[in-house]
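Given next are the chains, with one letter for each unit.
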Amino acid sequence: RLPRGGSPLVLDLGCGFGVGVLTAAAASRRDGDGTAFVGCDLSPLGVAFARGVARRWRLGDSAAFMHTDAASALAAAADDHRPLASALIACPTPYAAAAADSRSSGNSQLPEGLESDGFLGQPRLLRAAAKAIAPGGTLLLSSNAEDVAVRMSEAALAAGFGLRPAAASS
């Protein structure tokens, strides 16, 4: 189950130390819009840190953090009574290069590709997001690696999402 809180609901899947959730929840609370922000991560240290900051900032029900995987958080959101307005998946590091030959170099600590359990942009997770996000809701994808961004975009299209590039800042 998701932590209690306001409505609508916004999920940050793989939130790390919760910086995005904390910042958005503080702004939302200040503006009084009632949105509930929930971050989930597999790192117990990241979740504990985020919870501590949320307590110090007195964010109450505006920000909550779960030590769970992204698929479980999406399943809980699909079963929740509140509409899931947005889900964020940020993949800051590329997956490991598939070794076609001995000259290939890749980070062996990273997932092997799109279907790997450790990769947040995997197609089955994007399909789960498509089922959980309310009509008119948004899936926000982010990556600083071009090949990962392209592959995630292709998987999102295949899951039924439309694509809209982020506005360029000036």
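Notes on the structure follow. Everything quoted here is computed from the prediction, not taken from an experiment.

## Points about unusual backbone geometry
- Phi at arginine 58 is positive, roughly 55°, even though this residue is not glycine.
- Relative to the helices and strands, arginine 58 resides in the loop between α2 (44-56) and β3 (63-67).

## Some points on the packing of aromatic side chains
- In the structure shown here, the tally under the stated rule is one aromatic pair.
- With a centroid separation of 5.2 Å and 85° between ring planes, the pair formed by phenylalanine 17 and phenylalanine 49 is classed as edge-to-face. Here the residue phenylalanine 17 occupies a position in the loop between β1 (9-13) and α1 (19-31), and phenylalanine 49 occupies one in helix α2, the gap between them amounting to 32 residues.
- The class for phenylalanine 17 is partly exposed, based on a relative accessible area of 48%.

## Digging into the nonpolar core
- Counting residues in hydrophobic clusters, the biggest one holds 32 residues, and the most contacted among them are Leu2, Leu11, Leu13, Leu74, Leu84 and Leu139.
- Elements that contribute at least two residues to this core include exactly β1, β2 (36-41), β3, α3 (70-79), β4 (84-91), α4 (123-132), β5 (133-143) and α5 (146-158).
- No other element matches the five residues that α3 contributes to this core.
- Core analysis: the next-biggest nonpolar cluster, separate from the first, contains 13 residues, Ala25, Phe37, Ala54 and Phe65 among them.

## What about the pattern of salt bridges?
- Applying the stated criterion across every chain, the model contains two salt bridges.
- Of the charged contacts, one joins arginine 30 and aspartate 31 as a salt bridge, the two residues approaching to 3.7 Å between their closest N and O atoms. As far as burial versus exposure is concerned, arginine 30 and aspartate 31 are alike and both exposed.
- The salt bridge involving arginine 82 is made with aspartate 80; its shortest N-O contact spans 2.7 Å.

## What about the state of the cysteines?
- This model, assessed by the stated rule, comprises zero disulfides.
- Between cysteine 15, a cysteine without a disulfide, and cysteine 40, which holds the nearest cysteine sulfur, the sulfur-to-sulfur distance is 6.4 Å.
- Its relative accessible area of 8% is what places cysteine 15 among the buried residues.

## A look at the sheet that holds β4
- Pairing is parallel in the open sheet, where five strands are placed in the order β3-β2-β1-β4-β5. Bordering the open sheet on either side are β3 and β5, each of which pairs with just one other strand. With strand direction ignored, the average angle separating the axes of adjacent strands in the sheet is 20°.
- In this structure, β1 lies alongside β4, joined through five bridges in parallel fashion.

Analysis parameters
- Residues numbered from 1 in each chain as written.
- Predicted model: local features only at pLDDT ≥ 70, side-chain atom pairs only at ≥ 80, totals over all residues.
- Heavy atoms only, no water.
- Helix = DSSP H or I, 4+ residues; strand = E, 2+ residues; numbered from the N terminus.
- Phe/Tyr/Trp six-rings, centres within 6.5 Å; stacked < 30°, edge-to-face > 60°.
- Buried < 20%, exposed > 50% of the residue type's maximum accessible area, 1.4 Å probe, protein only.
- Core = buried A, V, L, I, M, F, W, Y, C linked by side-chain atoms within 4.5 Å.
- Salt bridge = Lys/Arg side-chain N within 4 Å of Asp/Glu carboxyl O.
- Disulfide = S-S within 2.5 Å.
- Pairing = 2+ DSSP bridges.
- Axes fitted to C-alpha atoms, helices over the stretch in contact; angles between N-to-C directions.

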